[in-house]
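Tertiary structure, described
This is what each chain is made of:
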Amino acid sequence: MADYSINTQCVQAGYTPGNGEPRQIPIIQSTTFRYATSEDMGKLFDLEASGYFYSRLQNPTNDHVAAKIAALEGGSAAMLTSSGQAANFMALFNICESGSHIVASSSIYGGTFNLISVTMAKMGVSATFVSPDASEEELNAAFQPNTRAMFGETIANPALTVLDIEKFAKAAHAHGVPLIVDNTFPTPVNCRPIEWGADIVTHSTTKYMDGHGAAVGGCIVDSGKFDWMAHADKFHGLTTPDESYHGVTYAEKFGKEGAFITKCTSQLMRDLGCIQSPQNAFILNLGLESLHVRMPRHVENGQAVAEFLESRPEVSFVSFPGLKSSKYYDIAQKYMPNGGCGVVSFELKGGRKAAETFMKHLRLAAIETHVADARTCCLNPATSTHRQMSEEQLITAGVPAGLVRISCGLEDKKDLIADLKQALEAIG
Ligand SMILES: *Cc1c(COP(=O)(O)O)cnc(C)c1O
């Protein structure tokens, strides 16, 4: 499949039925798998043979879909998780432990920020947050001897900052640690972070990959390029025998290509069990089959809506990396020449009150705490996700009271713009 274009891979990678087998990926709705002898099963437990024994760790439906996403990202191996949160936690925790340190972009999804700054801190993993616009010197200064990973989002949710993947990868590699990139917003159709130096890519498949607001899920893709053995002292979980798996040393037995995902499956999935249900994996695959057709329309609608909003007197600023006025325009062109995604944020001059009136009058765009769906939706953080904050706190957090985030769906852009126009006019 690697010889085919990403458009063909979206449709067909990951699963090739044999003669007389189902054309569509079968949903293997089974918790467990049958073996003829204890010896056969023993080989699976020793990681001597590959196969399935319990769907808390692995399921064939999931593995077909994960293989498709690995192909799309140009990675060597992948696994599905129950959510994007689980994907980011497991990707980090696979190489971090109590006493480790993470360098992360400060411009990331709120859930991931909490995960790193609060929950992982309770587990003894500390973090330094850096601006996505930091200079090389500033990035280098954030690393410590116990740093085990660097983390950022290609296009951050909701700030829409764009990560300079090459610059971040260079800093991570200079300090002997992998760069983990959450590529949820552009998807591999618009950006393939591994080609720019990222070592591990994560996804909330809940967003564009599913694309229909139908199934929560996540994915971890390994590039297979990071040399764990060359930094054996930092990553002893991969480079020394795992006593909970009969002394297997993942980096030796599975090599650069397989070590990360094998360890993450056989240790973390075994112990934490946050696997995607095969039913959700099937739904995710339906979304993936049209991802390459849908993404350009999301981008087209986002661009048209951003340009329209920029021309309106009620709007004080518009943030969208595809706008020439965006400070991320050049870097977005470099990493995403075909555009990034369909999410736009903008501030209404009239503040909170204007935002409330505007949102109330929208007919097509629904108010939702969601993005990246076939149906256009929007959110005013000040009256929802950031409701507990004061006006001053909102400004410091970069979410002024009049800020609206709109996720442009797959509707006709003329209808979307007409809807926005009448709602803006209602502000008066
Ligand atoms: C939504 C989101 C997540 C969390 O994903 P869930 O599937 O909701 O757990 C992580 N990263 C980004 C960039 C997201 O947009």
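Coordinates for the structure precede this section.
None of these values were measured; they are calculated from a predicted model.

Attention shifts here to the site of the ligand. Around the ligand lies a shell of 15 residues, among which Asn-157, Asp-182, Ser-204, Thr-206 and Lys-207 are the nearest. Here Gln-85 contributes a backbone N or O atom positioned 2.9 Å from an oxygen atom of the ligand. With respect to the ligand, the side chain of Lys-207 contributes an N or O atom lying 2.6 Å from an oxygen atom. Here the ligand, which alone exposes 380 Å², has 92% of that area covered by the protein. For the shell around the ligand, the element with the highest residue contribution is helix 4 (residues 84-93), accounting for 3 residues. The residue inventory of the shell around the ligand, partitioned by class, reads 2 nonpolar, 10 polar and 3 charged.

Across all of its chains, the model carries 12 aromatic pairs by this definition. On the numbers, 5.1 Å between centres and 20° between planes, the contact of Phe-89 with Phe-93 is stacked. Taken together, the residues span about one helical turn, with Phe-89 and Phe-93 both in helix 4 at a distance of 4 residues. Residue classification places Phe-93 among the partly exposed residues on the basis of a relative accessible area of 24%. Ring geometry for Phe-346 and Phe-358: centres 5.7 Å apart, planes at 90°, overall edge-to-face. Remark: Phe-358 occurs in helix 15 (residues 351-361) and Phe-346 occurs in strand 9 (residues 343-348); sequence separation between them is 12 residues. Of the two residues, Phe-346 and Phe-358, neither departs from the other in class, the shared state being buried. One aromatic cluster is present, built from ring pairs that chain together Phe-226, Trp-228, Phe-235 and Phe-260.

Looking at the element boundaries, Ser-319 is found in strand 8 (residues 315-319). Excluding its chain neighbours within four sequence positions, the residues that come into contact with Ser-319 are Ala-159, Leu-160, Val-344 and Ser-345.

Definitions and cut-offs
Every chain is numbered on its own, with residues counted from 1 as its sequence reads. Local features in a predicted model are, by the rule used here, given only for residues with pLDDT of at least 70; side-chain atom pairs are given and counted only at 80 or more, and totals for whole chains, interfaces and linings are based on all residues. Side-chain descriptors were evaluated using all non-hydrogen atoms of the structure, hydrogens and water having been removed beforehand. If even one non-hydrogen atom of a residue comes within 4 Å of a molecule or strand, that residue is called near it. For the purposes of these results, a polar contact is taken to be a pair of N or O atoms within 3.5 Å, where, inside protein, one atom must be able to donate a hydrogen and its partner to accept one; residues adjacent in sequence count only when each atom of the pair is a side-chain atom. Each accessible area is a Shrake-Rupley estimate made with a 1.4 Å probe; only the visible protein chains count as cover when residues are assessed. Every helix listed is a DSSP run of H or I at least four residues long, and every strand listed is a run of E at least two residues long, numbered separately from the N terminus. Ten residue types, Ala, Val, Leu, Ile, Met, Phe, Trp, Tyr, Cys and Pro, are classed as nonpolar, four, Asp, Glu, Lys and Arg, as charged, and the remainder, Gly among them, as polar. Side-chain rings of Phe, Tyr and Trp (the six-membered ring for Trp) are treated as a pair once their centres are within 6.5 Å; stacked means planes under 30 degrees apart, edge-to-face means over 60, and tilted covers the remaining angles. Per-residue accessibility, obtained with a 1.4 Å probe over protein chains only, is compared with the maximum for each type, and a residue is labelled buried under 20%, exposed over 50%, and partly exposed between these values. Working rule for contacts: check all heavy atoms of both residues, and any pair within 4.5 Å makes them a contact.

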